[in-house]
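Below, each chain spelled out in residue letters.
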Amino acid sequence: MKFVGFDNYRQLMSGDELFKILANTLFYIILLVIINFLLPYLLSFVMAHCIHHFKFFYRSILFIPSTLSLAVASIIFLWIFNPLAGPISLLLSSIGLTSPSWFKEPGFVIAAISFIIGWKIFGYNLLVLLAAMVDVPKDLIEAAKLENASNWHIFRYIVVPMTSPTAIYVLIITIVFGLQYVLVPLNMLTQGGPNQSSTNLVYIVYQYGFVFFQTGKAAALAILTMIVYAGFLVIKSKSLNKKVHYEN
C-alpha cells in the first residue's frame, strides 16, 4: 500500500474518460426516467381512470417481465436486437431499412441497454403508481368531469398533486436502482464498450476494482459516485419536496 494523496482524482480529472462516463450516466438517467417513470405515470392514469375493461389482463401482461431476472432479460434482448436474424432486424428489412449493430455502435448501445432495464422494471413501477392512482378520490374526478374538464386537466390539476409522494418515490428508485441494474446487462453484453460508450459510474467502479485491479481509481470513482447521488438527494429535498402534497 502506498499513500498517493489526490493523485487518483487528478488522473481522473485530467483525461476525457470521466466526462464521457458522466455524460453516459446522464443519458442513462434521462432514458430511464422517460421509460420507467413518465410512461408508467401516464399509463397508470389511463388504466385507473380511462380504461374500464380487461384491467387485470393489462396489469398481468405488463408485470410479467418484472418476474424475470436481468440475466434472462439480457439474453432475450440479445436475440431481439440481433442485427442479422433478430425480430427488429427482420421488421426493418421488410420496409427496406438495415438494422444497426445495437450493442456495437455508440449511438445505440445506451438506448438498447436502457430498454432492457426499462422492460424489466416497467411493470413494478406501473403497479406502484397505479395503487396511488386508485387512491385518488373518485368524487373529485367525477365532479371535474361534470364541469367538462378534460382528462389532461384532471391529470394535471387533481391526479398529479395527490399522487406526488408516490411519484417522488418512484422517481428516486428509478434513478438509483436503475443505474445499479444496468450492471448486469453491461457485464453480459458490452463490458462497457465499444470504447466505454455504454459504461456508467456504477459499472466503471466495478471494472477498475475487479477487472483492472486498480483499486485506487475504483475508490476515487466510488467517492465521486457518492457525491453525485448526494447531490441528487439535495436537489430532491430542496426543490421537489416543496411541490409534494402530503395528506394531513
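Residues numbered from 1 in each chain as written. Predicted model: local features only at pLDDT ≥ 70, side-chain atom pairs only at ≥ 80, totals over all residues. Heavy atoms only, no water.

**Side note on the confidence of the model for the protein**
Residues shown with low pLDDT carry predicted positions that ought not to be read at fine detail. Considering every residue of the protein, the mean pLDDT works out to 88; 95% of them sit at 70 or more. The least confident element of the protein, judged by mean pLDDT, is helix H11 (residues 215-240) at 83; the most confident is helix H4 (residues 70-80) at 93. (pLDDT = per-residue confidence, 0-100. Helix = DSSP H or I, 4+ residues; strand = E, 2+ residues; numbered from the N terminus.)

**Quick notes on the packing of aromatic side chains**
Tallied over the full model, the rule gives 17 aromatic pairs. Ring centres of Phe 77 and Trp 119 lie 5.1 Å apart, and the angle between their planes is 70°; this geometry places the pair in the edge-to-face category. Remark: Trp 119 occurs in helix H6 (residues 106-134) and Phe 77 occurs in helix H4; sequence separation between them is 42 residues. Look at Phe 77 and you get buried, because its relative accessible area is 3%. Pairing Trp 152 with Phe 155 gives two aromatic rings, centres 6.0 Å apart and planes at 35°, and the pair type is tilted. On the criterion of helical spacing, the pair formed by Trp 152 and Phe 155 is a turn pair, its members being 3 residues apart in helix H8 (residues 151-181). On the basis of relative accessible area, Phe 155 is assigned to the buried category, the value being 7%. In textbook terms, an aromatic cluster arises when at least three aromatic residues are bridged by ring pairs, as seen for Phe 77, Phe 81, Trp 102, Phe 103, Phe 108, Phe 115 and Trp 119. One Lys or Arg, Arg 156, reaches over the ring of Tyr 157 and ends 5.2 Å from the middle of that ring. (Phe/Tyr/Trp six-rings, centres within 6.5 Å; stacked < 30°, edge-to-face > 60°. Buried < 20%, exposed > 50% of the residue type's maximum accessible area, 1.4 Å probe, protein only. Lys NZ or Arg CZ within 6 Å of the ring centre and 35° of its normal.)

**Regarding the packing of helix H3 (residues 55-63) against H6**
Two numbers describe a pair of packed helices, the interaxial angle and the distance between the axes. H6 packs onto H3 with a crossing angle of 140° between their chain directions and a minimal axis gap of 7 Å. For the element pair H3 / H6, the angle class is oblique. For the pair formed by H3 and H6, the contact residues are Arg 59, Leu 62 and Phe 63 on the first element and Phe 122, Gly 123, Tyr 124, Leu 126, Leu 127 and Leu 130 on the second. For the contact of H3 with H6, the class distribution of residues is 7 nonpolar, 1 polar and 1 charged. (Axes fitted to C-alpha atoms, helices over the stretch in contact; angles between N-to-C directions. Parallel < 35°, antiparallel > 145°, perpendicular 65-115°, else oblique. Contact = heavy atoms within 4.5 Å. Nonpolar A, V, L, I, M, F, W, Y, C, P; charged D, E, K, R; others polar.)

**Some details on the nonpolar core**
Among the nonpolar cores identified, the biggest contains 26 residues, and Phe 37, Tyr 41, Phe 45, Met 133, Ile 154, Phe 155 and Val 159 are the most heavily contacted of them. If you list the elements that add at least two residues to this core, you get helix H2 (17-49), H6, helix H7 (138-146) and H8. The element best represented in this core is H8, accounting for 10 residues. Apart from the residues within four sequence positions on either side, Phe 155 is in contact with Tyr 41, Leu 42, Phe 45, Met 133 and Val 160. If you look at the next biggest cluster of nonpolar residues, it comprises 23 residues, including Leu 31, Val 182, Tyr 203 and Tyr 229. (Core = buried A, V, L, I, M, F, W, Y, C linked by side-chain atoms within 4.5 Å.)

**A look at H8**
Helix length check: H8, at 31 residues, gives a terminal C-alpha distance of 34 Å against a target of 45 Å (1.5 Å per residue), a shortfall beyond 12%. The largest bend in H8 is about 65°, located at Ser 164, with the proline Pro 165 one to four residues further on. (Expected span 1.5 Å × (residues − 1). Bend = angle between axes of the 7 residues up to and from the residue.)

**Considerations on unusual backbone geometry**
With an omega of -5°, the peptide bond running from Gly 193 to Pro 194 counts as cis. Residue Phe 54 is not a glycine yet carries a positive backbone phi of 60°. Here Phe 54 is to be found in the loop between H2 and H3. Classification of Phe 54 by relative accessible area gives exposed; the value is 62%. Not every positive phi belongs to a glycine, and Gln 191 is a case in point at roughly 55°. Looking at where Gln 191 falls in the secondary structure, it is placed in the loop between helix H9 (183-190) and helix H10 (201-211). On the accessibility criterion, Gln 191 (41% relative accessible area) is partly exposed.

**Digging into the pattern of salt bridges**
One pass over the structure, following the stated rule, counts 1 salt bridge. With a shortest N-O distance of 2.3 Å, Arg 10 and Asp 7 are connected by a salt bridge. Of the two residues, Arg 10 and Asp 7 are both situated in helix H1 (residues 7-14); the distance of 3 residues between them amounts to about one turn of the helix. The class of Arg 10 is exposed, set by a relative accessible area of 51%. (Salt bridge = Lys/Arg side-chain N within 4 Å of Asp/Glu carboxyl O.)

**Observations regarding the environment of Ser 44**
Looking at where Ser 44 falls in the secondary structure, it is placed in helix H2. Exposure remark for Ser 44: the relative accessible area of 0% places this residue in the buried category. Considering only alpha carbons, one finds Ser 44 and Val 33, 11 residues apart in sequence, at a separation of 15 Å. Those residues in contact with Ser 44, other than ones at most four positions away along the chain, are Leu 126, Leu 129, Leu 130 and Met 133.

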